[in-house]
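# Coordinate inspection notes
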Amino acid sequence: MIDPFGRHISYLRVSVTDRCDFRCVYCMAEDMTFLPKAEVLSLEELERLCTAFVRRGVKKLRMTGGEPLVRKNVMSLFRGLGRHLESGALEELTLTTNGSQLAKYAQELADIGVRRVNVSMDTLDPDKFRELTRWGDLDQVMRGLDAAQRAGLAIKINAVALRGVNDMEFERLIRWSHGRGMDLVFIEVMPMGEIGESARLDQYLPLSLARADIAKKFTLTDSDYRTGGPARYFKVEETGGRLGFITPLTHNFCESCNRVRLTCTGTLYMCLGQEDAADLRGPLRASESDEILDQAITAAIARKPKGHDFIIDRRHTGPAVPRHMSVTGG
Ligand code: SAM
Ligand code: SF4
């Protein structure tokens, strides 16, 4: 699949549920209204949709959410998609998780063929963790990380950079994750979804500043390591580990965007930062053969926009995009 700007679409991110067992303050309001179950695709339908994309040349699938591992029976979806790893049609099957259920599922994921997981963790302080996630338990996530490492999964820690909240912990996060052999990626907070507070502007920390600060304590050497994602990586000479930065607001990464995003209702977003979307649930359910679905996918890819226009400034404190990150899965 090639879009109108010549970009090869080889990466599909799938939000398998909009639900979550955490309520991270930058992601969700405390009293979220979730989708009625009837609107959500069944796991079989999700598998059929993903399979259609794999047939069209998608090489990398990432399951996300909401929290992908809280969806009932989600392992049956992973097992089904694992077949495409075995056949070689798919190069990578992976997930982004808050880690709360990893202790339970890490070994099974590894057995299915998952090699890497992204685990979101913004702080190493249990009280702050509880505050940030509202409902999360840091110990439980730590047990998840232990289980994932025992199962042989490579881990990348994602930390959203929040001014005045975790910026004083960056050095500790770097030493801790690299000490455990995990990559660390800092993410700039994105203006998505009403989150029930006008704190967005206060939370926003440009990563260019964070990086300059980190560079005072560590030697950052440019690295051409890529994971197919938008992160820019550095080697930290003092720890030998890898440190990435995802900077949607200060650095426009759209030129190399190779991805599209599917929600759990079968809506395909061609860009995280734009509202235009294509319904694939109708075409999926219209027929048992995939012909109509394939046509809908082709038409959607032909509409992939050139880029996003996120902006956080004093005139724009509301969300640039009204849907929450848990809908399109980050
Ligand atoms: N629940 C899983 C998790 O937390 O990893 C997967 C879904 S979560 C929406 C995916 C990623 O998006 C997480 O790393 C989270 O920190 C990040 N995220 C959520 N809201 C964000 C926002 N407003 N700006 C930047 N990143 C955000
Ligand atoms: Fe849940 Fe992930 Fe959003 Fe936190 S960032 S509320 S864990 S979906």
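The following paragraphs examine the structure supplied in this document. Model, not experiment: these values are computed from the prediction.

## What to know about the site of ligand 2
The immediate surroundings of ligand 2 are formed by Cys20, Phe22, Arg23, Cys24, Cys27, Met28, Gly66 and Asn98. Residue composition of the shell around ligand 2, by class: five nonpolar, two polar and one charged.

## Focus on the environment of Thr17
Along the chain, the position of Thr17 falls in the loop between strand S1 (11-15) and helix H1 (43-55). Distance from Thr17 to Met63, taken between C-alpha atoms, is 9.5 Å for residues 46 residues apart in sequence. Within the local environment of Thr17, its side chain forms a polar contact with the backbone nitrogen of Arg19, the two atoms lying 3.0 Å apart.

## Examining the sheet that holds strand S6 (residues 183-188)
Read across the open sheet, the 12 strands follow the order S7-S8-S9-S6-S5-S4-S3-S2-S1-S10-S11-S12; overall the sheet is mixed. The sheet is open, and its two borders are formed by strand S7 (220-222) and strand S12 (277-279), each paired with just one other strand. Strand-to-strand twist in this sheet, taken as the mean axis angle between neighbours without regard to direction, amounts to 25°. Two elements, strand S2 (residues 60-64) and strand S3 (residues 92-97), share four bridges in a ladder whose sense is parallel. In the strand pairing of S3, Arg62 is matched with Thr94. Those strands touched by helix H2 (residues 74-87) are S2 and S3, and its axis lies near 145° from that of S3.

## What to know about the packing of aromatic side chains
Applying the stated criterion to the full structure yields five aromatic pairs. Note on Phe22 and Phe129: the rings are 5.9 Å apart at their centroids and 85° apart in plane angle, and the pair reads as edge-to-face. In this pair, Phe22 is assigned in the loop between S1 and H1 and Phe129 in helix H4 (residues 126-133), connecting sequence segments 107 residues apart. On the basis of relative accessibility, which here comes to 2%, the residue Phe129 falls in the buried class. When the centroid spacing of 6.2 Å and the interplanar angle of 40° are considered together, the rings of Phe186 and Phe245 count as tilted. Remark: Phe245 occurs in strand S9 (residues 242-246) and Phe186 occurs in strand S6; sequence separation between them is 59 residues. For the residue pair Phe186 and Phe245, the accessibility class agrees, reading buried in each case. Taken together, the ring pairs in this structure connect Phe170, Phe186, Phe234 and Phe245 into an aromatic cluster. The positively charged end of Arg211 is found above the aromatic ring belonging to Phe245, 5.9 Å away from the centroid.

## Brief notes about the pairing of S9
For S9, the tally of buried residues reaches four of five residues, placing the bulk of the element in the interior. Bridge count for S6 against S9 is four bridges, and the pairing is parallel. Note on S9: the bridge partner recorded for Phe186 is Phe245. With four bridges joining them, strand S8 (residues 232-236) and S9 adopt antiparallel strand pairing. Following the sheet pairing, Tyr233 is matched in S9 by Gly244. Following S8, the chain reverses through five residues before pairing antiparallel with S9; Gly240 in that reversal takes a positive phi of roughly 75°.

## Quick look at the pairing of S2
Consecutive side chains along a regular strand alternate between the two faces of the sheet. Taking burial as the measure, the five residues of S2 include five buried ones, the bulk of the element. A two-sided burial pattern is seen for S2, the buried positions comprising Lys60, Arg62 and Thr64 on one face and Leu61 and Met63 on the other. Handedness of the S1-H1-S2 crossover: right-handed. Tracing the backbone out of S2, into H2 and back to the parallel element S3 gives a crossover that is right-handed.

## Regarding the site of ligand 1
With respect to spatial proximity, 19 residues lie near ligand 1, and among them Tyr26, Gly66, Glu67, Ser120 and Met190 are the closest. Backbone polar atom of Tyr26 to a nitrogen atom of ligand 1: 3.2 Å apart, as the coordinates give it. Within the side chain of Ser120, one N or O atom sits 2.5 Å away from an oxygen atom of ligand 1. About the coverage of ligand 1: the protein hides 95% of its 540 Å² of free accessible area. Secondary-structure elements contributing two or more residues to the shell around ligand 1 are S3, strand S5 (154-161) and S6.

Rules behind the numbers
- Residues numbered from 1 in each chain as written.
- Chains lettered and ligands numbered in written order.
- Predicted model: local features only at pLDDT ≥ 70, side-chain atom pairs only at ≥ 80, totals over all residues.
- Heavy atoms only, no water.
- Near = heavy atom within 4 Å.
- Nonpolar A, V, L, I, M, F, W, Y, C, P; charged D, E, K, R; others polar.
- Helix = DSSP H or I, 4+ residues; strand = E, 2+ residues; numbered from the N terminus.
- Polar contact = N/O pair within 3.5 Å; in protein donor to acceptor, adjacent residues only side chain to side chain.
- Pairing = 2+ DSSP bridges.
- Axes fitted to C-alpha atoms, helices over the stretch in contact; angles between N-to-C directions.
- Contact = heavy atoms within 4.5 Å.
- Phe/Tyr/Trp six-rings, centres within 6.5 Å; stacked < 30°, edge-to-face > 60°.
- Buried < 20%, exposed > 50% of the residue type's maximum accessible area, 1.4 Å probe, protein only.
- Lys NZ or Arg CZ within 6 Å of the ring centre and 35° of its normal.
- Right-handed = clockwise from strand over helix to strand, strands pointing away.
- Areas by Shrake-Rupley, 256 points an atom, 1.4 Å probe, with all protein chains shown as cover.

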